[in-house]
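# Observations on the three-dimensional arrangement
The residues making up each chain are set out below.
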Amino acid sequence: MKRRFQTYILQDSHMPLSTLAGGGLLIMASSRVAFALVALAALLWVYGLTGLTAFLAKPILPQQGRRVILLFVSSFLGSLFLLVLWLLSPLLALGSAYLIILSPVCCMGSELFVNLESKTLEEALLKTVFEAASLGGLILAFALIREPLGFMTISLPGGDQGIAELFKGDEGNSFFPVRILASSGGGLLLLGYGAALFRNLKKPPAGNPPPKEAS
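Below you will find a few notes about this structure. Keep in mind the model is a prediction, meaning the values are calculated, not measured. (Residues numbered from 1 in each chain as written. Predicted model: local features only at pLDDT ≥ 70, side-chain atom pairs only at ≥ 80, totals over all residues. Heavy atoms only, no water.)

## Quick word on a nonpolar patch on the surface
- A cluster of nonpolar residues, Trp45, Phe76, Leu80, Leu83, Val84, Trp86, Leu87, Leu88, Leu91 and Leu94, forms a patch on the protein surface that exposes about 1,000 Å² of accessible area.
- Broken down by secondary-structure element, the contributors of at least two residues to the nonpolar patch are helix 4 (66-88) and helix 5 (90-109).
- Broken down by element, the residue count for the nonpolar patch peaks at seven residues, all from helix 4.
- In this fold, Trp45 is placed in helix 3 (residues 33-56).
- Relative accessible area serves as the criterion here: at 32%, Trp45 is assigned to the partly exposed category. (Patch = residues over 30% accessible without salt bridge, like charges linked within 9 Å, V, L, I, M, F, W, Y side chains within 5 Å. Areas by Shrake-Rupley, 256 points an atom, 1.4 Å probe, with all protein chains shown as cover. Salt bridge = Lys/Arg side-chain N within 4 Å of Asp/Glu carboxyl O. Helix = DSSP H or I, 4+ residues; strand = E, 2+ residues; numbered from the N terminus. Buried < 20%, exposed > 50% of the residue type's maximum accessible area, 1.4 Å probe, protein only.)

## Here we look at the packing of helix 3 against helix 6 (residues 121-151)
- It is at 9 Å that the axes of helix 3 and helix 6 come closest, and there the two elements cross at 170°. On the basis of their axis angle, the class for helix 3 and helix 6 is roughly antiparallel.
- Along the lines of polarity and charge, the residues of the contact of helix 3 with helix 6 split into 21 nonpolar, five polar and two charged. (Axes fitted to C-alpha atoms, helices over the stretch in contact; angles between N-to-C directions. Parallel < 35°, antiparallel > 145°, perpendicular 65-115°, else oblique. Nonpolar A, V, L, I, M, F, W, Y, C, P; charged D, E, K, R; others polar.)

## Some points on the side chain of Ser30
- Tracing the backbone through its elements, the reader meets Ser30 in the loop between helix 2 (20-29) and helix 3.
- In contact with Ser30, not counting residues within four places along its chain, are Leu25, Ile139, Phe142, Ala143 and Arg146. (Contact = heavy atoms within 4.5 Å.)

## Considering the nonpolar core
- Of all hydrophobic cores here, the largest spans 34 residues; its most connected members are Leu25, Leu43, Tyr47 and Ile139.
- Discounting residues that sit within four places of it in the chain, Ile139 has contacts with Leu25, Leu26, Ala29, Ser30, Ala36, Ala39 and Leu43. (Core = buried A, V, L, I, M, F, W, Y, C linked by side-chain atoms within 4.5 Å.)

As structure tokens, this is what we get:
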């Protein structure tokens, strides 16, 4: 399982971060931990149920227009998740509505369902869940860096305001070059450093240079 997880993060050519929607969702949702947790739950819900629907309905889905039907299914599932969240916490749903709307876009933009017909039910669900968890895990990891450094706190979904803060530090005494990570520009900088790190991890180890011929 660990090997499969590393494959989806580092080696899969159809990762959700390959789309513009995946990168935008990562930057916006990682500003607060509470938003990152909502985005993670929305991605797991949309990816998992869309993959299950695509697998179970493959005998009746037409090849022509199949992606359009799955787009409507994923959009409906995202809207259903937003409705449930609105019933539980209207303020949190209002603040994270755009993040939930991007979940179906990431789902269909990742080319996840191209070869899903040739897989078993377990493999199909495992692939969709791991891809959603990889993007949601990256969002949560970025949020755990950006929010404590930028806002001097860690937030969770809940409370009267939709977000409950575990503690509140003195934001005025925070170091400004570190606090800028809370902004969108800081998120892009962090994403750039993370992308460079992953590229270095994917590089094969350099072999020994060939010996020089004797003159």
